[in-house]
Amino acid sequence: MALWIQAQQLQGDALHQMQSLYGQHFPIEVRHYLAQWLEAQLWDAIDLENQQDEFKAKRLLDGLIQELQRKAEHQMGEDGFLLKIKLGHYATQLKSSYDPCPLELVRCVKHILYTEQRLVKEASNASSPGSGPVDGTPQRYQQINQTFEELRVMTQDTENDLRKLQHSQEYFIIQYQESLRIQAQLSSLASIPPAERVQRESGLQSRKSTLEAWLTREANTLQKYRQELAEKHQRTLALLRKQQTVIVDDELIQWKRRQQLAGNGGPSEGGLDILQAWCEKLADMIWQNRQQIRRVEHLTQQLPIPGPTEELLTDLNATVTDIISALVTSTFIIEKQPPQVLKTQTKFSATVRLLVGGKLNVHMNPPQVKATIISEQQAKALLKNENTRNDSSGEILNNNCVMEYHQTTGTLSAHFRTMSLKRIKRSDRRGAESVTEEKFTVLFESQFSVGGNELVFHVKTLSLPVVVIVHGSQDNNATATVLWDNAFSETGRVPFVVPDKVLWPQLCEALNMKYKSEVQSDRGLSEDNLVFLAQKAFSSSSNNTEDYCNMTITWSQFNRESLPGRNFTFWQWFDGVIELMKKHLKSHWNDGAILGFLNKQQAQDMLMSKPNGTFLLRFSDSEIGGITIAWVAENPNKAERMVWNLMPFTTKDFSIRSLADRISDLNHLLFLYPSQPKEEVFSRYCTPPNCMNDSMLDTEGEFDLDETMDMARQVEEFLRQPMETQWSGQQS
């Protein structure tokens, strides 16, 4: 039975695939109650193409029918009565379906078992360390699934008790009506002769006394049933609330945190379909219990019996409504966030999703969602339930969208495809805060009803913080604000509070994540790279990693104060490196051809021990988004070896001629540090000679004079080298 136990732990799409294996042709109840027997049979020993194996298949069919009948006979008690009937019906149904063709039964069961094995194996691989979409363990999943099974049993138990109560109450009412009929007969005796009256009155009075005594006892029994049922519902709702806390306050919050880190280049958040499956299970069980409680209320109204049950039912009704309200409002989420750096007059998109929309049939009357941009202060007021008078901080075009139900995925979502921020209203800034440090958020809100307008919900959700810019030149600083917020915000914070300073290793983790994502590389920042960045951030000369482990870096050091002797901040310099790498040099970085994070002195120390013509590539200290070539060669003026540094190349330079072509042009460059011939590293990236003319032609086939002159000037400049005043005198 091990396979069936594992199959019951499947989630999301895998669970739906497993459930779809069953139906009238082979009910899932048969799989459940005969799991051990089914998995013990030698189904693979039967050749479906060999008609001679039909006898073996017939024996398996007969064995299956006998097992079902035996299982049905062993069902005891009131709860087992219905199951006994159901299993007996399945035995008849399967015999009728497969008796003429028993090989089809074997084909069906083999397909079911094979598919279950595949789904279980895939789920096991997906949940192994490092490969799962959700940061959790199989044990945690198993605990959630076990709790769902416990809730299912509890809900079925209260359903059975409710039916028992209903039957008992119906019989009580019949007997009560009988007592009224007897009373009416007693009242009518006054019109008959005394002798006959005495005889009939004695019999009626005896029946009346017996019936009234029974009614009194049964009323107490009914009250006891109601009390016990209410207490069971209390326990079920307590477990439902606990399970909801695990899924919504733990798992869903972790998903949102992963979504936020994905904005910094972290791995895709994943796992939303699993969360939806859990939330739908919760919604289904909460709604079942709510309907049960309402049925009990109806029974008590039909037959009022004094006691504490009415107050208990009132509390239960309030509790279950509170639980489902919390579930619905917390599962209205943003599946695809709007861009966190938002430029005015530019189209953008976003997607919101209601994780319980399909289960609660919200799509039968599709709700409309409205998007509004609000300030940080307005977001704070909103979460405090303060009256914000529906204020907004700007105008978003195309900000209304109807939620659509997608049958294939079972999702209810609204996809805003062509929103545009027409204008923004900024607040008064504090101190040194710039416009690129001001945070806004997009508020999505909707209203819908469930259960035939029984409950009406007004739902709201806030996007991750967005920084609004009006010009591309602001993008760099806005990205810094977003990166800091995504990396260091805490769960449950007041919008949009974030620490002013963090430990250096924390920032290193964020920078590495951003760098790998933007450059699309598995080669991240090494320990030496991070030491170099620490030296730059703290104006330090220490080469020891440990010296920086307990140091903190402030927001001002990160992107408000310029680096010593420069007119740009630490982040602006680092972001320039990212832009250069992802646009022109990612292949060379992935090849390990670019050391990059070195200062001029480090490059000199490394090259002086190498043969002439050895060179390396390092990022410019003096220019944002620049990379320079340093190489060792003779100094003709002093008859000694020295390290030369070219003026930095930038994105503009590489849009004219690639790094590989430029290195190929420079005959003084022979070996990439430490000792690789440059042709081995760069030749495959060089432009073929017959393509050079094409690149210098404009659309009409004429020479592009500016590009040609730029090339000529560079060659001329190089031919004048080496001269110490030109090569080493430049800051790079």
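Residues numbered from 1 in each chain as written. Predicted model: local features only at pLDDT ≥ 70, side-chain atom pairs only at ≥ 80, totals over all residues. Heavy atoms only, no water.

Here is the rule we go by: UniProt positions are given in the numbering used here, feature names are shortened, and annotations may be inferred rather than shown by experiment.
Named according to an unreviewed UniProt entry, the protein is Signal transducer and activator of transcription originating from Sinocyclocheilus anshuiensis. The Sequence similarities (unreviewed entry) field of the UniProt record for the protein holds the comment "Belongs to the transcription factor STAT family."

1. Concerning the overall build of the protein
Where we set the bar: Helix and strand definitions follow DSSP, with helices as H or I runs of at least four residues and strands as E runs of at least two, each counted in order from the N terminus. Exposed residues in this analysis have more than 50% of their type's maximum accessible area, buried residues have under 20%, and partly exposed residues fall in between, with area computed by a 1.4 Å probe over protein chains only. By the convention used here, residues are in contact when the closest approach between their heavy atoms is within 4.5 Å. Reported accessibility uses the Shrake-Rupley method at a 1.4 Å probe radius. Residues are deemed covered only where the shown protein chains occlude them.
The secondary structure content of the protein amounts to 24 helices and 18 strands. Buried residues in the protein amount to 46% of all 732 residues. Restricting the contact set of the protein to residue pairs at least 6 apart, pairs at least 24 apart contribute 69%. In the structure as shown, the protein presents an accessible area of about 37100 Å², 49% of it carried by carbon and sulfur atoms.

2. Here's the deal with the sheet that holds strand E4 (residues 368–375)
Filter applied, for reference: A pair of strands is labelled paired if DSSP reports no fewer than 2 bridges between them. The axes used here are C-alpha line fits, helices contributing only the stretch in contact, and every angle between their N-to-C directions lies in the interval 0 to 180 degrees.
The strand order E6-E4-E9-E10 describes an open sheet built from four strands, whose pairing is antiparallel. Two strands in the sheet have a free side with no partner beyond their single neighbour: strand E6 (400–402) and strand E10 (455–462). Across the sheet, the mean angle from the axis of one strand to that of its neighbour is 25°, orientation sign disregarded. The strands touched by helix H11 (residues 309–330) within the sheet are strand E9 (440–450) and E10, with E10 carrying the most contacts at an inclination of about 40°.

3. A look at the sheet that holds strand E17 (residues 671–672)
Here five strands make up an open sheet; going across it, the order is E16-E15-E14-E17-E18 and the pairing mixed. Each of the sheet's edge strands pairs with one partner strand only, and the pair in question is strand E16 (640–645) and strand E18 (676–677). Sheet topology note: the strand E15 (residues 627–635)/E16 ladder contains six bridges and is antiparallel. Within E16, the residue paired with Asn 635 across the bridge is Glu 640. Across the face of the sheet, helix H18 (residues 600–607) comes into contact with strand E14 (614–619), E15 and E16 while running at roughly 160° to E14.

4. Observations regarding the side chain of Thr 147
Along the chain, Thr 147 falls in helix H8 (residues 138–188). Of the residues examined, Thr 147 reaches a relative accessible area of 10% and is grouped as buried. Residue contacts for Thr 147: discarding those within four places in its chain leaves Leu 239 and Gln 243.

5. Let's talk about a negative patch on the surface
Under the convention used in this document: Residues qualify for a patch when their relative accessible area is over 30% and they have no salt bridge, like charges being joined within 9 Å and the nonpolar side chains of Val, Leu, Ile, Met, Phe, Trp and Tyr within 5 Å. The rule for a salt bridge is simple: a side-chain nitrogen of Lys or Arg has to be within 4 Å of a carboxyl oxygen of Asp or Glu. We count Lys and Arg on the positive side and Asp and Glu on the negative side, and we leave His and both chain ends out. Where a charge sits is defined by one atom per residue type, namely NZ (Lys), CZ (Arg), CG (Asp) or CD (Glu).
Where like charges cluster on the molecular surface, the negative patch consists of Glu 527, Asp 528, Glu 546 and Asp 547. Within the secondary structure layout, Glu 527 lies in helix H15 (residues 527–538).

6. Some points on the side chain of Thr 309
Along the polypeptide, Thr 309 turns up in helix H11. The contact partners of Thr 309, leaving out residues within four places of it in the chain, are Gln 223, Arg 226 and Gln 227.

7. Here's the deal with the packing of aromatic side chains
Rule in force here: In summary, the pairing rule links any two rings of Phe, Tyr or Trp, Trp by its six-membered ring, whose centres are within 6.5 Å, and it sorts them by plane angle into stacked for under 30 degrees, edge-to-face for over 60 and tilted for everything else. Consider the ring centre and the ring normal. A charge sits over the ring if Lys NZ or Arg CZ is within 6 Å of that centre and within 35 degrees of that normal.
Under the definition given, this model contains 28 aromatic pairs. When the centroid spacing of 5.0 Å and the interplanar angle of 75° are considered together, the rings of Trp 484 and Phe 488 count as edge-to-face. Separated by four residues within a single helix, Trp 484 and Phe 488 lie in helix H13 (residues 475–488), roughly one turn from each other. Residue Trp 484 shares its accessibility class with Phe 488, and that shared class is buried. When the centroid spacing of 5.4 Å and the interplanar angle of 70° are considered together, the rings of Trp 504 and Phe 538 count as edge-to-face. Linking Trp 504 in helix H14 (residues 504–519) with Phe 538 in helix H15, this pair joins segments that are 34 residues apart in sequence. Just as Trp 504 is buried, Phe 538 falls in that class too. Of note, Arg 523 hangs over the ring of Trp 589, and the distance from its end group to the ring centre comes to 3.5 Å.

8. Some words on the packing of helix H10 (residues 272–302) against H11
What counts here: Working rule for angles: under 35 degrees goes down as roughly parallel, over 145 as roughly antiparallel, 65 to 115 as roughly perpendicular, anything else as oblique. Throughout, a crossing is termed right-handed when the near helix is turned clockwise from the far one, and left-handed when it is turned anticlockwise from it by less than a right angle.
Packing of H10 against H11 brings their axes to within 10 Å, and their N-to-C directions diverge by 160°. In terms of orientation, H10 lies roughly antiparallel with respect to H11. For H10 against H11, the interelement crossing comes out left-handed. When H10 is examined against H11, the residues Cys 279, Leu 282, Ala 283, Ile 286, Trp 287, Arg 290, Ile 293, Val 296, Glu 297 and Thr 300 are found in contact with a partner set consisting of Leu 313, Leu 316, Asn 317, Val 320, Thr 321, Ile 323, Ile 324 and Leu 327.

9. Some remarks on unusual backbone geometry
Put simply, Pro 495 and Phe 496 share a cis peptide bond, and its omega is -20°. Among the structural elements, Phe 496 can be located in the loop between H13 and strand E12 (501–503). The amide bond that connects Tyr 673 to the next residue, Pro 674, takes the cis arrangement and shows omega of 5°.

10. Observations regarding the packing of H15 against helix H17 (residues 570–590)
Where H15 contacts H17, the two axes come as close as 12 Å, and the packing angle between them is 150°. In terms of orientation, H15 and H17 fall into the roughly antiparallel class. Regarding H15 and H17, the two cross each other, and that crossing is right-handed. Note on element contacts: H17 touches H15 through Phe 570, Trp 573, Phe 574 and Trp 589, opposite Asn 529, Phe 532, Leu 533, Lys 536 and Ala 537.

11. Remarks on the pairing of strand E3 (residues 347–354)
With seven of eight residues buried, E3 lies mostly within the body of the structure. As defined by bridge partners, strand E1 (residues 332–336) adjoins E3 across four bridges and the pair is classed as antiparallel. Residue pairing across strands places Ile 334 opposite Val 352, the latter belonging to E3. Looking at chain direction, E3 and strand E8 (residues 411–424) are connected through seven bridges and run antiparallel. Looking at E8, one finds that Lys 347 is bridged to Ser 420.

12. Here we look at the environment of Gln 291
Residue position: Gln 291 is located in helix H10. The sequence separation of Gln 291 and Val 320 amounts to 29 residues, and the corresponding C-alpha distance is 9.9 Å.

13. Structural notes on the pattern of salt bridges
Under the criterion given, the structure shown has 33 salt bridges. Measuring nitrogen to oxygen at the nearest pair gives 3.9 Å for the salt bridge that ties Glu 212 to Lys 208. Highlighted residues: Glu 212 and Lys 208, both in helix H9 (residues 194–262), separated by four residues, approximately one helical turn. Overall, the relative accessible area of 17% leaves Lys 208 in the buried class. A salt bridge links Glu 579 to Lys 583; the shortest N-O distance between them is 3.5 Å. Taken as a pair, Glu 579 and Lys 583 lie in helix H17 at a separation of four residues, close to a single helical turn. Each of Lys 514, Glu 518, Glu 579, Lys 582 and Lys 583 takes part in a single network of salt bridges with overlapping partners.

14. Topic: the environment of Gln 260
To be explicit about the condition: Identification of polar contacts relies on pairs of N or O atoms within 3.5 Å, with a donor-acceptor requirement for protein atoms, meaning one able to donate a hydrogen and the other able to accept it, and with residues adjacent in sequence counted only if both atoms are side-chain atoms.
As for its position among the elements, Gln 260 is in helix H9. With 203 residues separating them in the primary sequence, Gln 260 and Ser 463 have C-alpha atoms 10.0 Å apart. Look past the residues within four positions of Gln 260 in its chain and what remains in contact with it is Leu 464, Asp 485, Asn 486, Ser 489 and Arg 493. A distance of 3.0 Å separates a polar atom in the side chain of Gln 260 from a polar atom in the side chain of Arg 257.

15. Quick notes on helix H5 (residues 54–73)
Short version of the rule: Expected span of a helix, by definition, is 1.5 Å for each gap between consecutive residues, and there is one gap fewer than residues.
The terminal C-alpha atoms of H5, which comprises 20 residues, lie 29 Å apart, in line with the 28 Å expected from a rise of 1.5 Å per residue. Those residues of H5 that sit buried are Ala 57, Leu 60, Leu 61, Gly 63, Leu 64, Ile 65, Leu 68 and Ala 72.

16. Side note on a nonpolar patch on the surface
Where nonpolar side chains cluster on the molecular surface, the patch consists of Phe 81, Leu 82 and Ile 85 and spans about 310 Å² of accessible area. Its location among the elements puts Leu 82 in helix H6 (residues 77–98).

17. A look at H15
Between its terminal C-alpha atoms H15 stretches 16 Å, which fits the 16 Å expected from 12 residues at 1.5 Å a residue. By the burial criterion, the buried members of H15 are Asn 529, Leu 530, Val 531, Phe 532, Leu 533, Ala 534, Gln 535, Lys 536, Ala 537 and Phe 538. Directly beyond the C-terminal end of H15, a positive phi value near 50° is found at Ser 539.

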